[in-house]
Amino acid sequence: MNGMTWEPLWVMPPACAKKTADTSVVLATSITLYRNPAAEKFLDAAALEKTAAHLPDYTPFSKMAPQTESTLRCSGLLPPVPPAARLHAGAAMVEADTAVVLGLDDQITIRSVAAGWNCETPWQRVRAAQDALEEHVTYAFSPDFGFLTRCPVHAGIAMHAVTHLFLPGLWLWQQQEALREAATACGFAFAGIDKDGRIPFAVLGNQATLGLSEEEMLRRLSTMVQEIRQQEEQARAYWREHPLRMDDKIATACARLASARLVTEAEAVEHLAWLRWQALETPAAAEAPALENVDRALMAAFKQNGTAFDHAVESDDVKALRAEQLRNILAEKPAKRKTAVKKKKS
Amino acid sequence: MKCEKCQQREAHIHLTQMVDGKMCSLHLCEVCARDAGLDPSGPLDLEKLLQSTAHLYEELHQAIPPGLAEMADRILSRFAEQCDPGAELDPPVPSIRCPVCGCTPMLLRKTGQVGCPQCYVTFPDFIKGYLSQRTGVSGGHIGRIPRQGDRVILQQAAMQRLQHELDAAVAREDYETAATLRDELQRIKQEPGA
């Protein structure tokens, strides 16, 4: 795609560990800024070293512990690192849920993630990180093109705000294409996380970065998110009144995860998505898994094979391990529920 | 009809154009055409196509006929229509090279990337057209401005932003804000170097 679109960054709410956030429709919000030093070639090795010197916790990927990299990626702070970039690129956590990555598509990538619909917190954090770096680095900038980036379609505000949505109601209504068209008409990109459009998780983010200010772009994104949220809530209300198709999806997912011995990553995420809906709709039902368990299982499904579905063919051992792990997580009783039952008895 | 190059296989690819008012034709088999870089089923590459057709004409007719680029454009558009009906051809690419990194507009079109900030100064119009084509955006930058950098550039950016805010204030008939913005704009314009 010639770097024309933002990568479908994926993040689950547990990565942010903010239990107060409402993640029933919007799972997480992330903001990314792209910057390059002025008067230097993009991805110049010497300039990269100079910038890295101003980041106290900076670690090149070649020296980074796999666990640290995995944590960064599962938190949604790190996009997939191509093998060619591993030699020179690296990252530093500058604050909780905020990281600066050097040497990927652009010299400096600053990203922050928050749970639920919350663009204000990540926006403040990336701005703070950008301002702190600006004490040492002069950013490449032009009055016409704004902040200059390696890929010109990112020039301008050089910022991508992305929301991660959970839309089972609209998915069951087969509104994916309508949502995509509506988002495109408003200057946003909307895409499901799988090619087939079976999994009701989606990402929505700004496409244009030139011709409107950061605040205006966030305001438009906010309007778009609120509209989608409202539509999703209406759809869920409809399915509550006419639950046959919803129940069928959930029952199929339950049966598949309970009995399957081999589960691929895409299957796991698809079935868990419908279980997540069940956990949200009927949290008190005895047969419904706890929301935190479903989210944890989703994280586990992703962790086993990274964040992309386009990976190499999995072995049966991996699929079997995943199936077993998912059964175990879903069978666990959540701590909160146990306490509630005990209190009732007493 | 036999291929004009190998004189053995059947010719399936026929190129025709007018040279000095006379019809000039070139008939090639699929193998020779592919050897020359002409592959209707493969990815389209205007630069390669131009080079290969020029090379073939030179080899077979000992001269590069005028208007070759137009002919190649026509062939390319026919191939493009076959591959993606309704697809429009990109506008012509200027032959400029960035003095710092060596990046060209053609390279930008191929990779979607430029090599350094100087590229934006070397071929700004091409980048504007490229952006307009891909994102539908034609306006300039009106967002945040860095705190440090070239004073003249920052001043120009600040003036552009103020002008945009002034236009917006006038459009919503907020004349009080518009007056403040106008004064601010005047003040910056009077600063040395503006």
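What counts and how
- Residues numbered from 1 in each chain as written.
- Chains lettered and ligands numbered in written order.
- Predicted model: local features only at pLDDT ≥ 70, side-chain atom pairs only at ≥ 80, totals over all residues.
- Heavy atoms only, no water.
- Helix = DSSP H or I, 4+ residues; strand = E, 2+ residues; numbered from the N terminus.
- Buried < 20%, exposed > 50% of the residue type's maximum accessible area, 1.4 Å probe, protein only.
- Contact = heavy atoms within 4.5 Å.
- Arc of directions from axis to C-beta.
- Polar contact = N/O pair within 3.5 Å; in protein donor to acceptor, adjacent residues only side chain to side chain.
- Axes fitted to C-alpha atoms, helices over the stretch in contact; angles between N-to-C directions.
- Parallel < 35°, antiparallel > 145°, perpendicular 65-115°, else oblique.
- Left-handed = near helix turned anticlockwise from the far one by under 90°.
- Nonpolar A, V, L, I, M, F, W, Y, C, P; charged D, E, K, R; others polar.

(A) Here's a closer look at the environment of A:Val225. All names here are of chain A. Relative to the helices and strands, Val-225 resides in helix 6 (residues 214–241). According to the relative accessible area criterion, Val-225 is buried, its value standing at 1%. Once the C-alpha coordinates of Val-225 and Leu-165 are considered, the two residues, 60 residues apart in sequence, prove to be 8.9 Å apart. Among all residues touching Val-225, those that are not within four sequence positions of it are Val-26, Trp-117, Thr-163 and Leu-204.

(B) Here's a closer look at helix 1 (residues 45–52) of chain A. Residues and elements named next belong to chain A. Among the residues of helix 1, those classed as buried are Ala-47, Leu-48, Thr-51 and Ala-52. Taken around the axis of helix 1, the buried residues stretch over an arc of 135°, which confines them to a single face. Residues of helix 1 that are exposed and point more than 90 degrees away from the buried face comprise Glu-49 and Lys-50. Buried positions along helix 1 lie against strand 4 (98–102), strand 5 (108–115) and helix 3 (120–134). For helix 1, the side-chain oxygen to backbone nitrogen distance between the N-cap and Ala-46 is 3.4 Å, and the N-cap itself is Asp-44.

(C) Up close: the packing of helix 7 (residues 151–171) of chain B against helix 8 (residues 175–190) of chain B. Residue and element names in this part refer to chain B. For the pair helix 7 and helix 8, the least separation of the axes is 9 Å and the interaxial angle reads 160°. In terms of orientation, helix 7 lies roughly antiparallel with respect to helix 8. With respect to the hand of their crossing, helix 7 and helix 8 are arranged in left-handed fashion. Counting all contacts with helix 7, which are made through Gln-155, Ala-158, Met-159, Leu-162, Gln-163, Glu-165, Leu-166, Ala-169 and Val-170, the residues of helix 8 involved are Tyr-175, Thr-177, Ala-178, Leu-181, Arg-182, Glu-184, Leu-185, Ile-188 and Lys-189. Residues that form the contact of helix 7 with helix 8 fall into these classes: 11 nonpolar, 3 polar and 4 charged.

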